[in-house]
Amino acid sequence: MPATISEADFDVLVAKTGLPLSAAQRATLREVYPTFQAIIDRVSAPMPREAEPALIFPVEQR
Amino acid sequence: MDPFLTIAEAAKLIAAHKLSPVELTQACLARIRKYDDKLHSFLLLTEERALADARAAEARVMAGAAKGPLDGIPIAHKDIYNTAGIRTTGHSKLLEHNVPSADSVVVQKWDAAGTVMLGKLATHEFAMGGPSFDLPWPPARNPWNTEHFTAGSSSGTGAAVAAGFILGGTGSDTGGSIRGPAALCGIAGVKPTYGLSSRRGVLPLSFTLDHTGPMAWTVEDCALLLQAMAGYDREDPASADRLVPDFTADLSKGAKGLRIGVVRHFYETDHPVSPGVKAGIDAALDVYNQLGAEIRDVTLSPMIEYHAAGTVIITAEAYAVHEPWLKTRFNDYGELFRDRIALGAFISAAEYVQTIRRRRILCLELKAAMADLDILVSASQPGEAPRIDSVPKWGNLEKPSLTMPFNLTGFPAMSVCTGFGAGGLPVHMQLIAKPFAEPTLFRAGHAYESATQWRATRPHLG
């Protein structure tokens, strides 16, 4: 189920990005945003608290 | 001269002094001049450089000092590989006049192996999206039918190899950008294990998903090309510090005894493929069975889980790479790349971290599933090449990618042609091996190609 977002909340999101979107470009992203947010939400489903990231910090940088 | 020599065939003829690298290069250049106005596979043809490379190779061969099987072999590079003194654009207006001062590591290595560089190849803008019709150069077209898509992003390499313009070329693969065009153009393409081949000097898209790799007509040719690409690069933070095996060593071992797992739900239910692709995979499994492989089904998490994690990572990391330009030169990008990447601005730090935690869980799942297997089989693309004017803008979000699971996990994977579908265009399968088991991957692919006749059919360009 795609996520929903109000026009006002989406305006806040866009403003935070600082991207110079035209009205048409904003409308394009607004249309696809719920589908994209649903993908993000799927990844953010609960995991064990101790689940480590795939990427670790290599102390000996090269 | 046969314009459709493989690298292995040409190398034998060159070594036997029966084929001149200069004449081979001239034949390739003539073919490009004759047909590439239909395919648009080259962004830049470097004829003088190519002929100089070819003459140098020929001199070495005649002096008994050939460098190996790639000496005198015509190749070209995807235009995200930096080439010293030669324009490298990413197929984008933003780098339209960019001339790097140094070669990428892979370009250096192929030069050192004696390859003959014919030029720079079309790509989707900065190696993502496409086809785009609002860039400084048109998109590459499929040699099997120029009204159809090549897939991408290594679109020019797929088209140029299939058309017989070059014998091999470089690709890059962040979500399927080698395996996709290899599949739709009917060639072979390998995304090696993450870290096996240096990314240094290649325009980045997504640091933790980017892979460099070769594309060629056959699996054997890919093995020869990867041999000259692979190896530790201390200055690439992701590079794996380990010895490079002989990728051709197991080619003649056949498939007997290989343990093959079929991830059937990926291509039958998670993202159902066309009847032609499915029939090609079924027939390939019959071939492997006849060759003595052991085959069984494997179940992983639904492919959407892998796809979702890959999509968040690629979008977030690509946004981070491009953010300065997105904020200052937004309209200099093509619409497709720009709009896809702009979504990265909406991903929070917590969401990115959750995604790389999910990534580890999925990596461990795949590792466990392959514990007693040598090879996995799936599909690379959902069907034959679609018409180039019918590719949906948001196809990357609509259905899960068949290739992304192996960028996310870093396992080596390869597209192999399995014949032709109902539309007369190539179909394929995807083979996957354990990390750093490329010799096994090449063994499985070569066994299939040797047992079938698909490598004997080339596209007709007119």
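Just so we're clear, the structure is a prediction, and the values are computed from it rather than from any experiment.

Details of the overall build of chain B
Of the regular secondary structure elements, chain B holds 15 helices and 11 strands. Since a compact globule built from 462 residues should have a radius of gyration of about 23 Å, the 20 Å found for chain B is in line with a globular shape. Taken along its principal axes, the extent of the C-alpha atoms in chain B is 60 × 60 × 45 Å. Counting across all 462 residues of chain B, residues that qualify as buried make up 64%. Once local pairs closer than 6 in sequence are excluded, the contacts in chain B between residues at least 24 apart make up 79%. Element-wise, carbon and sulfur atoms account for 53% of the exposed surface of chain B, whose accessible area totals about 15400 Å².

Here's the deal with the pattern of salt bridges
Oppositely charged side chains are able to pair whenever their charged atoms sit close together. Residues and elements named next belong to chain B. Counted under the stated rule, the structure contains 29 salt bridges over all chains. Residue arginine 199 pairs with aspartate 236 through a salt bridge whose shortest N-O separation is 2.5 Å. In this pair, arginine 199 is assigned in the loop between β5 (188-191) and β6 (211-216) and aspartate 236 in the loop between α7 (219-227) and β7 (259-262), connecting sequence segments 37 residues apart. Taken individually, arginine 199 and aspartate 236 each receive the classification buried, so the pair is uniform in this respect. When the shortest N-O distance is used, the salt bridge between aspartate 297 and arginine 264 registers 3.1 Å. Of this pair, aspartate 297 sits in strand β8 (residues 294-297) while arginine 264 is found in helix α8 (residues 264-270), placing the two residues 33 residues apart along the sequence. Using a relative accessible area of 44% as the deciding quantity, one classes aspartate 297 as partly exposed.

Some remarks on the nonpolar core
All names here are of chain B. Membership of the largest hydrophobic core comes to 158 residues, with the highest contact counts inside it found for Phe42, Leu118, Phe165, Tyr288, Leu431 and Phe442. Contact partners of phenylalanine 442, with chain neighbours within four places excluded, come to Val190, Val219, Cys222, Ala223, Leu226, Phe247, Leu251 and Met414. One finds Leu43, Trp137, Ala140 and Ala159 within the second-largest nonpolar core, a separate group that totals five residues.

A look at the pairing of β5(B)
All names here are of chain B. The alternating pattern of β5 places Ala188 and Val190 on one face and Gly189 and Lys191 on the opposite face, and all of these are buried. Summarising the sheet, β5 and strand β10 (residues 413-420) pair through three bridges and their orientation is antiparallel. Within β10, the position partnered with lysine 191 by the bridge is alanine 413.

Let's talk about the interface of chain B and chain A
Each partner contributes to the interface: chain B provides 40 residues, whereas chain A provides 33 residues. Across the chain B to chain A interface the summed buried area is about 3200 Å²; carbon plus sulfur atoms make up 70%. By the criterion of area lost to chain A, the three top residues of chain B are B:Phe346, B:Arg357 and B:Arg358, representing 23% of everything that side buries. There are one salt bridge connecting chain B and chain A.

Remarks on helix α2 (residues 23-43) of chain A
Since the α-helix packs 3.6 residues into each turn, any two residues three or four apart lie on the same face. Residues and elements named next belong to chain A. In this model, α2 (21 residues) spans 30 Å end to end at C-alpha, consistent with the 30 Å of a helix rising 1.5 Å per residue. The largest bend in α2 comes to about 45 degrees, at tyrosine 33, with the proline proline 34 one to four residues further on. The complete set of buried residues in α2 reads Gln25, Arg26, Leu29, Arg30, Val32, Tyr33, Pro34, Phe36, Gln37, Ile39, Ile40 and Val43.

Here's the deal with the sheet that holds strand β9 (residues 375-378) of chain B
All names here are of chain B. Strands sit in the order β1-β3-β2-β4-β6-β5-β10-β11-β9-β7-β8 across an open sheet of 11 strands; the sheet is mixed. Edge positions in the sheet fall to β1 (42-45) and β8, since each has one partner strand and no second. With strand direction ignored, the average angle separating the axes of adjacent strands in the sheet is 30 degrees. Packing of helix α9 (residues 275-290) onto the sheet brings it into contact with β7, β8, β9, β10 and β11 (426-433), and relative to β11 it is tilted by some 55 degrees.

Here's the deal with the confidence of the model for chain B
Mean pLDDT over chain B works out to 97, with 100% of the residues at or above the 70 mark. Of the two predicted TM-score estimates for the complex, the pTM is 0.98 and the ipTM is 0.95.

Details of unusual backbone geometry
Residue and element names in this part refer to chain B. Residue proline 131 is bonded to the preceding glycine 130 through a cis peptide linkage, with omega at 0 degrees. With respect to the helices, strands and loops of the structure, proline 131 is situated in the loop between β3 (116-121) and α5 (155-162). In this model, glycine 152 is joined to serine 153 through a cis peptide bond whose omega is 20 degrees. Position of serine 153 among the secondary structure elements: in the loop between β3 and α5. The phi angle at phenylalanine 126 is positive, at roughly 50 degrees, despite the residue not being glycine.

Notes on the packing of aromatic side chains
Residue and element names in this part refer to chain B. A complete count under the given rule lists 12 aromatic pairs over all chains for this structure. Where tyrosine 288 meets tyrosine 448, the ring centres are 6.2 Å apart and the plane angle is 40 degrees; that geometry is what we call tilted. With a gap of 160 residues between them, tyrosine 288 in helix α9 and tyrosine 448 in helix α15 (residues 438-451) connect regions that are remote in the sequence. The same class applies to tyrosine 288 and to tyrosine 448, which are both buried. Taking the centre distance of 5.5 Å and the plane angle of 20 degrees together, the rings of tyrosine 333 and phenylalanine 337 count as stacked. On the accessibility criterion, tyrosine 333 (3% relative accessible area) is buried. For phenylalanine 337, a relative accessible area of 1% corresponds to the buried category. Through a chain of ring-to-ring contacts, the aromatic side chains of Phe126, Trp325, Tyr333 and Phe337 assemble into a single cluster. Across the ring face of phenylalanine 436, the terminal group of arginine 242 is positioned such that the distance to the ring centre comes to 3.9 Å. When the ring centre of tryptophan 217 is taken as origin, the NZ or CZ atom of arginine 458, which lies over that ring, is 3.7 Å away.

Examining the state of the cysteines
All names here are of chain B. In this structure the tally under the stated criterion is zero disulfides over all chains. Left without a disulfide partner, cysteine 28 is nearest to the cysteine sulfur of cysteine 222, which lies 17 Å away. Take cysteine 28: its relative accessible area is 3%, and that puts it in the buried class.

Procedures and definitions
- In this convention, every chain numbers its residues from 1, walking through the sequence in written order.
- Each chain is given a letter, starting from A, and each ligand a number, starting from 1, according to the order in which they appear as written.
- Confidence filtering applies because this is a predicted model: local features only for residues at pLDDT of at least 70, side-chain atom pairs given and counted only at 80 or more, and all residues used for totals across whole chains, interfaces and linings.
- In computing side-chain values, all of the structure's heavy atoms are included and hydrogens and water are not.
- Segments assigned H or I by DSSP are reported as helices when at least four residues long, segments assigned E as strands when at least two residues long, and all are numbered from the N terminus.
- Radius of gyration: over C-alpha atoms. The globule rule applied is 2.2 Å multiplied by the number of residues raised to the 0.38 power.
- To sort residues, take the accessible area from a 1.4 Å probe on protein chains only and compare it with the maximum for the residue type: under 20% means buried, over 50% means exposed, and anything in between is partly exposed.
- Residue contacts are counted whenever heavy atoms from the two residues lie within 4.5 Å of one another.
- All accessibility values rest on the Shrake-Rupley procedure with a 1.4 Å probe; residue burial counts only the protein chains present in the view.
- By salt bridge we mean one thing: a side-chain nitrogen of Lys or Arg within 4 Å of a carboxyl oxygen of Asp or Glu.
- The nonpolar core is taken to be a set of buried Ala, Val, Leu, Ile, Met, Phe, Trp, Tyr and Cys residues, with the residues joined through side-chain atoms within 4.5 Å.
- Following DSSP output, two strands are said to pair if at least two bridges run between them.
- What counts as buried area is the accessible surface, traced by a 1.4 Å probe, that two parts surrender upon association, with contributions from both included.
- Every helix has an expected span of 1.5 Å times one less than the residues it contains.
- Two axes are fitted around each residue, one to the seven residues ending there and one to the seven starting there, and the angle between them is reported as the bend at that residue.
- For helices, the fitted line uses only the C-alpha atoms of the stretch in contact; every axis is such a line through C-alpha atoms, and the angle between N-to-C directions lies from 0 to 180 degrees.
- pLDDT measures how confident the predictor is about each residue, on a scale from 0 to 100.
- In summary, the pairing rule links any two rings of Phe, Tyr or Trp, Trp by its six-membered ring, whose centres are within 6.5 Å, and it sorts them by plane angle into stacked for under 30 degrees, edge-to-face for over 60 and tilted for everything else.
- The criterion is that NZ of a Lys, or CZ of an Arg, lies within 6 Å of the ring centre and within 35 degrees of the ring normal, and then a charge sits over that ring.
- Working definition: a disulfide is two cysteine sulfur atoms within 2.5 Å of each other.

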